[in-house]
There are 4 protein chains.
Amino acid sequence: VNGRLLITCPDRHGIVAAVAGFLARSGANIITSDQHSTDPEGGEFFMRMEFTLEHGDLGSLGHAFAQEVAERLDMRWRLTDAGHPKRVGILVSREDHCLVDLLWRHRRGELDASIDVVASNHPDHRADVEGFGLAYHHVPVERGGKPESEARLLELLRDVDLVVLARYMQILSGDFLTALGVPVINIHHSFLPAFAGASPYQRAFERGVKIIGATAHYVTEELDAGPIIEQDVARVSHREHPETMVRLGRDIERIVLSRAVKWHLEDRVLVHGNRTVVF
Amino acid sequence: VNGRLLITCPDRHGIVAAVAGFLARSGANIITSDQHSTDPEGGEFFMRMEFTLEHGDLGSLGHAFAQEVAERLDMRWRLTDAGHPKRVGILVSREDHCLVDLLWRHRRGELDASIDVVASNHPDHRADVEGFGLAYHHVPVERGGKPESEARLLELLRDVDLVVLARYMQILSGDFLTALGVPVINIHHSFLPAFAGASPYQRAFERGVKIIGATAHYVTEELDAGPIIEQDVARVSHREHPETMVRLGRDIERIVLSRAVKWHLEDRVLVHGNRTVVF
Amino acid sequence: VNGRLLITCPDRHGIVAAVAGFLARSGANIITSDQHSTDPEGGEFFMRMEFTLEHGDLGSLGHAFAQEVAERLDMRWRLTDAGHPKRVGILVSREDHCLVDLLWRHRRGELDASIDVVASNHPDHRADVEGFGLAYHHVPVERGGKPESEARLLELLRDVDLVVLARYMQILSGDFLTALGVPVINIHHSFLPAFAGASPYQRAFERGVKIIGATAHYVTEELDAGPIIEQDVARVSHREHPETMVRLGRDIERIVLSRAVKWHLEDRVLVHGNRTVVF
Amino acid sequence: VNGRLLITCPDRHGIVAAVAGFLARSGANIITSDQHSTDPEGGEFFMRMEFTLEHGDLGSLGHAFAQEVAERLDMRWRLTDAGHPKRVGILVSREDHCLVDLLWRHRRGELDASIDVVASNHPDHRADVEGFGLAYHHVPVERGGKPESEARLLELLRDVDLVVLARYMQILSGDFLTALGVPVINIHHSFLPAFAGASPYQRAFERGVKIIGATAHYVTEELDAGPIIEQDVARVSHREHPETMVRLGRDIERIVLSRAVKWHLEDRVLVHGNRTVVF
């Protein structure tokens, strides 16, 4: 099996030696290893290791790791099986570019995941999604009917490991996020923290910026304020108006979102307060 | 003589023909010409033309242009002599990278200007500035002594055509800007409108952004809110902390500021409300 | 009608005035205008004007333009009707990313064209292409059967205005290009002139470059040597190997190709020897 | 003391554990650690670790490391003292931008080095270099006098750890490189492998590329063919001509060279055949 071990703990002497020594003793061969420390003195330490384990299973390995290493070093940790793709649910509204891009990348084998759910508050994308061999769930949000819609979404998404908001324009309630209980990645069509909220391209135009951007972040209850995973930008000149910025922005949005989703699926993203470490 | 004609007016039929026809009749040969219209129907029209004039002078040409073209088409316009470099004053505080970069580019012939004044509220850069053969004015800002300092600066800057704030960390009063009466270009060490105000790199670090930037803009009374001339960015990862962002930012700041200054010196920047057209 | 006038001629005094004056007299209102001169003294002059013509037709306008302006100023020129989208043929081999991207952009309304022909030497993309409501032509290239394949392609493409090679991996013969008689845009998966020819990502890996790229260019008989329309790049580190470069490259290729095609469709590209002017 | 351990060896099980375990037993605290493997099965393994050692010295540590770890695992390795800045020699010809940039960065504390020698085949930069408090050596290269010049340079450079060619336009002989015996970093003013050799901007202009670049690489006997450390690029349009490309290129060259030099000084660059691993 191929495993991934992710660790966050207070930095101190000997962490790498302890973890690498444990894996060596357990017959695991480290393929890649990344570390980061916010401060070698009293900071926070982050590590990601990919390894192959020729004999034995990840369950026993994790059990031993907890006892022999993690507890003593005060670690929060996760051990994932690289051979078990995560199950993903995608929510989308009218704009199709992020959705189509994710489905196409999935088909090309770029995203190691199973796309289990695609749902939208609009009926528009049924043919596209079914063309990729996936079911399409239309979950309209009526005026005053958000609780019913969110209940329906919770039901659809109950088995996924990750929810991707691929330009889903409904604000999700804190109750929904709590009940969901898995990470949610959103793509915001601006270079956060600039232009959080509605109509970012219009506001970028009005401010006269020379560069526009997009931001993929984990969703928290506070709108557009969660930990940023990835951002990218494109130059604009005085020739652009809000409509052409929307068009240029689509290319940034889909690329930024797909990078963030890919990195999350490969367990490369560790959250630290309101920041991320991306290995 | 080489001239530059800059025009802003309501868009309507026949502007290009009227201007180009006038120049042709006047014996001027157009070298480059740029136009922009916010909307061909009822929008604002912008034009910049560079031309050579073999006989005659720009004064007479301007006089004729006002009578024959500009008044009829409701134009605001400027006619500048490309052979008369603008006179520039530079204000700087502790950080020397933008100052040194401007002086070096000037010596290399990249900036068509005469640098008439270099002043600072710190004494630190005297040797550098004098090494470039320029005088250095130390104008300290004592607690409560801003009016005296600004009066001294006004005196020093009374003959310049442009003031460049090359990381000058004192806020200039509205009275000063009014009395100065010439454009002021500032470099702000963030990707505006994100992180306007103090300590932008610290705040960028705290927000966990993946890209930092710098912004050159014309100074208005409202801090960091004037028309943006140029912006650029650089990627940062979780490995950076505020101090390394400051270092990375220096490279962006000096390049963004030098572009904005160069474009202004070549009369490429037209202000339109709070936006700029950069030809 | 909306028209576009494209002009190449020896630079001399009064060109802009002559053209703009002609259009004004003809009742045409210039919307945008771009000029470029390689050298005001004895260089080549390029111009693109978009205009609206409220009365009259482009045919008569062109006739008058030839007589009154073009002949006298030794111009090569084209007059196109912006309301008549160009007819496009797309050729593709195994890699689907450029094809799917063009079809999706066309559906989104980003490309002002009619896609009349999609043909491939592989059968693989039929379902995708038909899903966009278009016919799919499988034109296999047997060993020794290139003349037959090219004859079949010529028949299919006989009415198109532009052929796009969206990762079409067969080399087209000079006879084919001559018989075709319309521009052909190719996407090459390297930063030309580096790594012209086969396996560019493998060779980029072997050379140890830190940046990879893609190039869209007009096809000439000499392989990968035609006029470049657009290029873009992405950073790579020692972590990438040829396979991951291929994946990263796909995002650059499809964006670079789509920009080049869009600019061509909008008559923004003028060829000058082996270079392009892109307005 | 702060130490840096750099390792290259055949990849196999347990390397990280062996090294980290050794350092932990020796009382060294790992601050940062980076690994890379070209292939976990039979590939080459690269590692860089920064650590603090509270008791003991690096000499003894290295001695023990050789015996206990390195020999058994077939490692090539280096152990450097982060508190001993490398001694640098800079060679330069007429163009001053890379030289001035390196001197300025050194003064700002961006480059952890002592600049021991600045030499040039031109007398032009004496005032600048002396203004930074450094000696300037004029070593002209007469026609047919290259052996004498190289002998003089060898004498000047006999104690340096690194030579930087900051736009030094003389080709260094293989004998010189051998006799020198330390790494040499060159900045080439093109995006290698495109436009190796002379006049790259002129040739970039003639080929009509839309992006220009610069490349920092280790010098080998074959011109412009050594391992690439860093590259960067800038967009150009049809408006640029060779002279303006030269100007735009200066900004890329100095930034690319300074990055490569900084990384080398921090022992971040490992050479692998004709490629580099940059941690």
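Residues numbered from 1 in each chain as written. Chains lettered and ligands numbered in written order. Predicted model: local features only at pLDDT ≥ 70, side-chain atom pairs only at ≥ 80, totals over all residues. Heavy atoms only, no water.

With respect to the pattern of salt bridges
Residues and elements named next belong to chain B.
Phase 1 of the analysis: The full count for this structure, using the stated rule, is 116 salt bridges over all chains.
Phase 2 of the analysis: R76 serves as the salt-bridge partner of E44, at 2.9 Å between the closest nitrogen and oxygen. Of the two residues, E44 sits in strand β3 (residues 44-53) while R76 sits in strand β4 (residues 76-81), which places them 32 residues apart along the sequence.
Phase 3 of the analysis: Linking D267 and K86 is a salt bridge whose minimum nitrogen-to-oxygen distance equals 3.0 Å. With D267 in the loop between α8 (242-265) and β12 (269-272) and K86 in strand β5 (residues 86-92), this pair connects stretches of sequence that are 181 residues apart.
Phase 4 of the analysis: Residue D267 is classed as buried on the basis of its relative accessible area, which comes to 2%. (Salt bridge = Lys/Arg side-chain N within 4 Å of Asp/Glu carboxyl O. Helix = DSSP H or I, 4+ residues; strand = E, 2+ residues; numbered from the N terminus. Buried < 20%, exposed > 50% of the residue type's maximum accessible area, 1.4 Å probe, protein only.)

Considering the packing of helix α1 (residues 15-25) of chain D against helix α2 (residues 58-70) of chain D
All names here are of chain D.
Phase 1 of the analysis: Contact geometry for α1 and α2: axes closest at 11 Å, N-to-C directions at 140°. One way to sum up the angle between α1 and α2 is to call them oblique. For the element pair α1 and α2, the recorded crossing hand is right-handed. Residues A18, V19, F22, L23 and R25 of α1 lie in contact with α2, whose contacting residues are L61, A64, F65, E68 and V69.
Phase 2 of the analysis: Split into classes, the residues belonging to the contact of α1 with α2 amount to 8 nonpolar, no polar and 2 charged. (Axes fitted to C-alpha atoms, helices over the stretch in contact; angles between N-to-C directions. Parallel < 35°, antiparallel > 145°, perpendicular 65-115°, else oblique. Left-handed = near helix turned anticlockwise from the far one by under 90°. Contact = heavy atoms within 4.5 Å. Nonpolar A, V, L, I, M, F, W, Y, C, P; charged D, E, K, R; others polar.)

Some remarks on the relation of the copies chain A and chain B
For these two chain copies, the linking operation is a rotation about an axis paired with a shift along it.
Phase 1 of the analysis: Superposition record for chain A on chain B: RMSD 0.0 Å, screw rotation 180°, translation along axis 0.0 Å. The operation mapping one copy onto its partner corresponds to a two-fold rotation axis. Across chain A, the smallest distance between a C-alpha and the rotation axis is recorded for A:A194, namely 2.4 Å.
Phase 2 of the analysis: The share of interface residues of chain A whose copies in chain B are also at the interface is 100%, consistent with both copies meeting through the same surface. (Least-squares fit on C-alpha atoms with pLDDT ≥ 70 in both.)

Examining the interface of chain A and chain B
Phase 1 of the analysis: Tallying the contact residues gives 32 residues for chain A and 32 residues for chain B.
Phase 2 of the analysis: Both faces combined, the contact of chain A with chain B buries some 2800 Å², and carbon together with sulfur accounts for 55% of it.
Phase 3 of the analysis: If you sort the residues of chain A by the area they bury against chain B, A:R207, A:K210 and A:H238 come out on top, with a joint share of 26%.
Phase 4 of the analysis: The interface formed by chain A and chain B contains 4 salt bridges.
Phase 5 of the analysis: Ionic pairing is found between B:D232 and A:R235, a salt bridge with its closest N-O pair at 3.9 Å.
Phase 6 of the analysis: For the interface between chain A and chain B, the tally reads 18 residue pairs in polar contact (both at pLDDT 80 or more).
Phase 7 of the analysis: Of all the secondary-structure elements, those providing two or more residues to the side of chain A that touches chain B are α7 (200-207), β11 (228-235) and β13 (275-278) of chain A.
Phase 8 of the analysis: If one sorts the elements of the side of chain A that touches chain B by residue count, β11(A) sits on top with 7 residues.
Phase 9 of the analysis: Of the residues assigned to the side of chain A that touches chain B, the class counts are 15 nonpolar, 7 polar and 10 charged. (Buried area = accessible area lost by both parts, 1.4 Å probe. Polar contact = N/O pair within 3.5 Å; in protein donor to acceptor, adjacent residues only side chain to side chain.)

As for helix α7 (residues 200-207) of chain D
Phase 1 of the analysis: When we look at burial in α7(D), the residues that qualify are D:P200, D:Y201, D:A204, D:F205 and D:R207. Buried residues of α7(D) fall within an arc of 170° about the axis and therefore sit on the same side.
Phase 2 of the analysis: Looking at the buried positions of α7(D), the neighbouring elements they touch are β11 (228-235) and β13 (275-278) of chain C together with β9 (184-188), β10 (211-218) and α8 (242-265) of chain D. (Arc of directions from axis to C-beta.)

As for the sheet that holds strand β5 (residues 86-92) of chain D
What links the strands of a sheet is backbone hydrogen bonding, and the strands pair in either a parallel or an antiparallel sense.
All names here are of chain D.
Phase 1 of the analysis: Ordered by their spatial adjacency, 7 strands build an open sheet running β7-β6-β5-β8-β9-β10-β11, and the pairing between neighbours is mixed. Every other strand in the sheet has two partners, leaving β7 (137-138) and β11 (228-235) as the edge strands with one partner each.
Phase 2 of the analysis: Across 4 bridges, β5 lies against strand β8 (residues 162-165) in parallel orientation. Across the sheet, the residue bridging to I90 is V164, located in β8.
Phase 3 of the analysis: Contacts between α8 and the sheet are confined to β5, β6 (113-120), β8, β9, β10 and β11, with β10 contributing the most and set at about 30° to the helix. (Pairing = 2+ DSSP bridges.)

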